[in-house]
Amino acid sequence: MTIELVSSTRSFDGSQRQYKHDSDVLNCPMHFSIFLPQEAEIAPEYRYPVLYWLSGLTCTDTNFSQKAGAQRLAAELGIVLVIPDTSPRGKDVADDPSYDLGQGAGFYVNATQQPWKLHYRMYDYIVDELPALIEAHFPVSQRRAISGHSMGGHGALVIGLRNPERYTSISAFSPICNPIACPWGEKALGAYLGADTTSWEEYDASVLLGRATTHVPILVSQGDDDEFLEQQLRPEALQMAAGACNYPLRLEHHAGYDHSYYFIASFIEEHLRFHADYLLKRHKTAI
């Protein structure tokens, strides 16, 4: 499990880095970005908690690190940020001309259909392979939280709900809450998983939340001027599922905000502090 440093930039006395590695799960080279607070660099005898951030359609591992402004507070709190890419990439990786399928649009599923199934196993990559890589190479603990935006918000909710033992908390900005009932989801899940729509339910946050037996704290932020709100995101489905099973979902609507990184930058501090309440309960675990 070797990694290659691509770049490193100083930020708030910490280090914002990008690495490259060969993924056995995705059968291609992958990039990920990571922010290490200063104390994680100078006190390697401790293991620090990690927030995994999953980005949205058309994004790479660099969008969040360059636009969200999360490093200042992550450095203050002592939380490592890990930002994977949104899909496998490369000339031998299946793709599609549209922006919402193929490279840049992995949807955090394990594809079962051709030509996707050889490479598009982003669910396994995020749940298993990438954390194992991070925990082998950096001074981090197994205390993990997960967050994301849009398609990445969908991924964070699905992965957190399906693996409640692995994450202390879940959050999302403008997530695709009910992909089995929206155009983005129907297109992607149909392509990656096939025509049997019952298999799609394993990647639908509203369905999974309604079935949950373990309650992981969830924060969702949604801008009311989001151009995708009504047709694609459907937060009301998530809210209805939570109400039906008394799941303690915290869903916040913000007037005047859209789907962009301006929205994320405006409320990323709230999300980091939300996760810190759970990640830092046993902060600085000695090796």
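These lines cover the structure that appears in this document, whether it is placed above or below. (Residues numbered from 1 in each chain as written. Predicted model: local features only at pLDDT ≥ 70, side-chain atom pairs only at ≥ 80, totals over all residues. Heavy atoms only, no water.)

Next up on the list: the overall build of the protein chain. Along the protein chain, the regular secondary structure elements total 10 helices and 10 strands. A compact globule built from 287 residues would reach a C-alpha radius of gyration of about 19 Å, and the protein chain, at 18 Å, matches this within 12%. Taking the principal axes of its C-alpha atoms as reference, the protein chain extends roughly 50 × 45 × 35 Å. By the burial criterion, 58% of the 287 residues in the protein chain qualify as buried. Excluding contacts between residues fewer than 6 apart, the proportion of contacts in the protein chain whose partners are at least 24 apart in sequence is 72%. A total of about 11,500 Å² of accessible surface is found on the protein chain, and carbon and sulfur atoms cover 49% of it. Between the centroid of the 22 positive side chains of the protein chain and the centroid of its 35 negative side chains there is a distance of 6 Å. (Helix = DSSP H or I, 4+ residues; strand = E, 2+ residues; numbered from the N terminus. Rg over C-alpha atoms; globule rule 2.2 N^0.38 Å. Buried < 20%, exposed > 50% of the residue type's maximum accessible area, 1.4 Å probe, protein only. Contact = heavy atoms within 4.5 Å. Areas by Shrake-Rupley, 256 points an atom, 1.4 Å probe, with all protein chains shown as cover. Lys, Arg positive; Asp, Glu negative; His and termini not counted. Charge placed at Lys NZ, Arg CZ, Asp CG, Glu CD.)

With that out of the way, let us pick up the pattern of salt bridges. In total, this model carries 14 salt bridges according to the counting rule given. In this structure, Glu-202 engages Arg-211 in a salt bridge whose closest nitrogen and oxygen atoms are separated by 3.5 Å. (Salt bridge = Lys/Arg side-chain N within 4 Å of Asp/Glu carboxyl O.)

So, about the pairing of strand β6 (residues 140-148). Taken across its 9 residues, β6 has 8 buried, putting it largely inside the fold. As paired elements, strand β4 (residues 46-54) and β6 share 6 bridges and run parallel to each other. Looking across to β6, one finds that Val-50 is bridged to Arg-144. (Pairing = 2+ DSSP bridges.)

One number sums up the size of the largest pocket: a volume of about 230 Å³. What lines the largest pocket is a set of 16 residues, among which Leu-57, Thr-58, Cys-59, His-149 and His-259 lie closest to the centre. Tallied by class, residues from the lining of the largest pocket come to 6 nonpolar, 7 polar and 3 charged. For the second largest pocket, the calculated volume is near 190 Å³. In terms of lining residues, the second largest pocket is bounded by Ser-7, Thr-9, Ser-11, Gln-16, Arg-17, Gln-18, Ser-33, Thr-62, Ser-65, Gln-66 and Gln-71. Mapped by element, the contributors of at least two residues to the lining of the second largest pocket are β1 (4-11), β2 (14-23) and α2 (63-67). Of the residues assigned to the lining of the second largest pocket, the class counts are no nonpolar, 10 polar and 1 charged. (1 Å grid on protein atoms, 1.4 Å probe; cavity = no way out; pocket = protein on both sides within 12 Å on 5 of 7 lines; lining within 4 Å. Points joined across faces, edges and corners; volume = space filled by probe spheres on them. Nonpolar A, V, L, I, M, F, W, Y, C, P; charged D, E, K, R; others polar.)

Quick look at the environment of Val-220 now. Mapped onto the secondary structure, Val-220 falls in strand β8 (residues 218-223). Owing to a relative accessible area of 0%, Val-220 belongs among the buried residues under this scheme. Remark: the alpha-carbon pair of Val-220 and Met-240, spanning 20 residues in sequence, is separated by 14 Å. Look past the residues within four positions of Val-220 in its chain and what remains in contact with it is Leu-157, Ala-172, Pro-175, Leu-238, Leu-249, Arg-250, Leu-251 and Glu-252.

Under the defined criterion, the tally for this structure stands at 15 aromatic pairs. Aromatic side chains Tyr-19 and Phe-32 sit 5.5 Å apart centroid to centroid with 20 degrees between the ring planes, which places their arrangement in the stacked category. Placement of Tyr-19 in strand β2 and of Phe-32 in strand β3 (residues 28-36) is noted, with a sequence separation of 13 residues between them. There is no split in this pair, since Tyr-19 and Phe-32 are both buried. (Phe/Tyr/Trp six-rings, centres within 6.5 Å; stacked < 30°, edge-to-face > 60°.)

The principal kink in helix α10 (residues 261-279), of about 50 degrees, is found at Phe-267. Regarding α10, the residues found buried are Tyr-261, Phe-263, Ile-264, Phe-267, Ile-268, His-271, Leu-272, Phe-274, His-275, Ala-276 and Leu-279. Capping the start of α10, Ser-260 holds a side-chain oxygen 3.2 Å from the backbone nitrogen of Tyr-262, two or three residues further along. (Bend = angle between axes of the 7 residues up to and from the residue. Polar contact = N/O pair within 3.5 Å; in protein donor to acceptor, adjacent residues only side chain to side chain.)

Take the pairing of β2 next. A regular strand places its side chains on the two faces of the sheet in alternate fashion. Most of β2 sits inside the fold, with 8 of its 10 residues counted as buried. Looking at chain direction, β1 and β2 are connected through 7 bridges and run antiparallel. Across the sheet, residue Glu-4 finds its bridge partner in β2, namely Lys-20. Taking the residues that link successive antiparallel strands as the turn, the β1-β2 hairpin has 2 residues, and the phi of Phe-12 there is positive, at about 50 degrees.

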